[in-house]
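Examining the three-dimensional arrangement
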Amino acid sequence: MNRETAGDIRKSSPLIQYIKNNIGILIGLLLMCILISLVKPQFLATKNLLNIVRSVSITAILGFGMTLCIIIMGIDLSQGSVIGLCSCFCAWMITNVGAPFWLAVISALFIGALCGFLNGALLACFPLPPFVVTLASQLIARGFCYVITRGNMINVDASFGELGNGYLFQVIPLPVVYMLVLFVLMFLLLSKTVFGRNVYAIGGNPEAARFSGINIKKVTWLIYLISGTLAGICGVISCSRVTTGQPTAGNAMEFDAVAACYLGGISYMGGEGSIGSTLLGAIVLGTLANGMSMLQIPWYVQNITKGGIIMAAVFFDVMNKQKRKKI
Amino acid sequence: MEATHSGIVLAPEDRKHEGLILAQTVTFNTVIAILGKLIKGIRLNYKRQEKIITDISRKLRLKTASYDTKVMNLSGGNQQKVVLAKWLVTNPQILILDEPTRGIDVGAKQEIYKLIYEIVGMGVGVILISSEMPEVINLCDRVYVVREGKITGLLGRKDLSEQTILKYAIGGIGHE
């Protein structure tokens, strides 16, 4: 009997499992799409849908990194500023140094990784609160944006724009392609590797993880390194999208990433959550923004709605947890 | 951590805080200390994992609806068995049990005692840390009495009694 039940659970395919786990948000997304398309049929046009996924891709990429941080009960508030820093650095390398594109991109990614590395070093080696550390590094990174650009924008040769504005097979926007590739990589990393399991173990119970011989320091360090690198990728994309390095690029983007995580149902208590649900959360946020713009709802009302939805998502998460505890 | 690699493992006293990841499944908790052997890159050796878990849970008579049940839904005794399972699958040479029966009902305690005998039968040396007199007297071959961080007495199997243990524990009445 015991073995049979064990078998049954395993038999249900990962896709069905995914739908079951995210049923609430999926229904919400569907309802939202139906409602918006009833009022504005253009919403469902291929061009508009592609627009949504493109606008979603940066939030999603950031969200993948944020997911790791939140699972271990941390947070990376420096992501937005790291986007700005990498974007400025990339533009500076191209225009002021005259570096070839590939070198500029690689060095910008390196800067992103370095930011993550430093965050990780502080958080892994000292018992510091992630919120405060990354808030501080947010300010520092934003400051460096202005140091590099001296407060102005740096224009980049228009041909660099291909990287962020181009299309694969003339249909799929390139940022979406990057996002999908990173999605697969991060998904495999979190759900299939030893590293991924260790992340869940640390998030679930750091003490038990330590007693089980897991190197908490190394895992924490790597998580922030990954988060920084992903922010670097977003920085390069956003630099290419507008072909300028702007010191304000990526401002407050980290909050969209956090929102995507919580909307996707990642527990604020740590130890739970998946890359797939973050992607879904980012899509919901993007669809919401796009739909409301189409319905000509002013941006300040959009913010109110967004905030309300995030609050509701966390509220239901907590209520669910308490219900489970009672049983 | 180094001790884990050399075959000495500790099942800690406070299993909910130090031993288990309650929100994860029986499988997750059981193989957590041997993941390196089961996963190569992104490939999980599913058959081997399955075999390890069925073997150990049969040996420990673990009662769970499935191996995908979350540990928080198990009874105290079965949770303790998952802690034991986690360490036994690492093939330890020495297993340190710190208060293994704390917070477990009487029937399950007997079960844990039986298991400790069986674990010893498998060739694992067990160091039992306990403050329960009957537990110590019935299970141990040799007892060190520790008082305020110092070993105050060593008792062999034949001198074991509540009185002698208490004598050392209280502080050597015999010496006065």
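Residues numbered from 1 in each chain as written. Chains lettered and ligands numbered in written order. Predicted model: local features only at pLDDT ≥ 70, side-chain atom pairs only at ≥ 80, totals over all residues. Heavy atoms only, no water.

**Observations regarding the overall build of chain B**
Quick reminder of the rule: By the criteria applied, helices consist of DSSP H or I runs no shorter than four residues and strands consist of E runs no shorter than two, each listed in order from the N terminus. Relative accessibility thresholds used throughout: buried, under 20% of the residue-type maximum; exposed, over 50%; partly exposed, between the two (1.4 Å probe, protein chains only). In what follows, a contact means two residues having at least one pair of non-hydrogen atoms within 4.5 Å. Positive charges are assigned to Lys and Arg, negative charges to Asp and Glu, while His and the chain termini are left out of the count. Note on charges: their place is set at NZ of Lys, CZ of Arg, CG of Asp or CD of Glu.
Along chain B, the regular secondary structure elements total nine helices and seven strands. Structurally, chain B occupies a C-alpha span of about 65 × 35 × 30 Å along its principal axes. Across the 176 residues that make up chain B, the buried fraction comes to 46%. Residue pairs in contact within chain B that sit at least 24 positions apart in sequence constitute 60% of those at least 6 positions apart. In chain B, 24 side chains carry a positive charge and 19 a negative one; their mean positions are 8 Å apart.

**What about the sheet that holds strand β1 (residues 8-11) of chain B?**
Sheet strands pair by backbone hydrogen bonding; their relative direction is either parallel or antiparallel. All names here are of chain B. What counts here: The rule for pairing is simple: two strands pair if DSSP sees at least two bridges between them. Simply put, an axis is a line fit to the C-alpha atoms, just over the touching stretch for a helix, and the angle between two N-to-C directions goes from 0 to 180 degrees.
With respect to topology, three strands assemble into an open sheet ordered β1-β4-β5, the strand pairing being parallel. Of all the strands in the sheet, the pair left with one neighbour each is β1 and β5 (125-129). Strand-to-strand twist across the sheet, computed as the mean angle between neighbouring axes with direction ignored, equals 15°. Pairing analysis gives four bridges linking β1 to strand β4 (residues 94-98), with the strands arranged parallel. Note on β4: the bridge partner recorded for L10 is I96. Across the face of the sheet, helix α7 (residues 106-121) comes into contact with β4 and β5 while running at roughly 150° to β5.

**Observations concerning the interface of chain B and chain A**
As a reminder of what qualifies: The term buried area means the drop in 1.4 Å probe accessible area that two parts suffer when joined, counted for both and summed. Any carboxyl oxygen of Asp or Glu within 4 Å of a side-chain nitrogen of Lys or Arg constitutes a salt bridge here. Counted as a polar contact is a pair of N or O atoms within 3.5 Å, where, for protein atoms, one must be capable of donating a hydrogen and the other of accepting one, and residues adjacent in sequence contribute only when both atoms are in side chains.
Residue-level contacts link 34 residues of chain B with 26 residues of chain A. In total, about 2,400 Å² of surface goes out of reach between chain B and chain A, with carbon and sulfur atoms giving 58% of it. Here chain B is connected to chain A by zero salt bridges. Linking chain B with chain A are one residue pair in polar contact (both at pLDDT 80 or more). Mapped by element, the contributors of at least two residues to the side of chain B that touches chain A are α2 (15-19), α3 (26-31), α4 (35-38), α5 (46-59) and α6 (76-88) of chain B. At five residues, α5(B) tops the list of elements feeding residues into the side of chain B that touches chain A.

**As for the packing of aromatic side chains**
Residue and element names in this part refer to chain A. Let me state the cut-off plainly: Aromatic pairing here means that ring centres of Phe, Tyr or Trp (its six-membered ring) are within 6.5 Å. Orientation follows from the plane angle: under 30 degrees is stacked, over 60 is edge-to-face, and everything else is tilted.
If you walk through the whole model with that rule in mind, you get five aromatic pairs over all chains. Centroid distance F64 to F183: 5.9 Å. Interplanar angle 45°. Geometry classified as tilted. In this pair, F64 sits in helix α4 (residues 46-71) while F183 sits in helix α9 (residues 174-192), placing the two residues 119 residues apart along the sequence. Residue classification places F64 among the buried residues on the basis of a relative accessible area of 0%. Ring plane angle 45° and centroid distance 5.2 Å describe the contact between F117 and W221, whose orientation is recorded as tilted.

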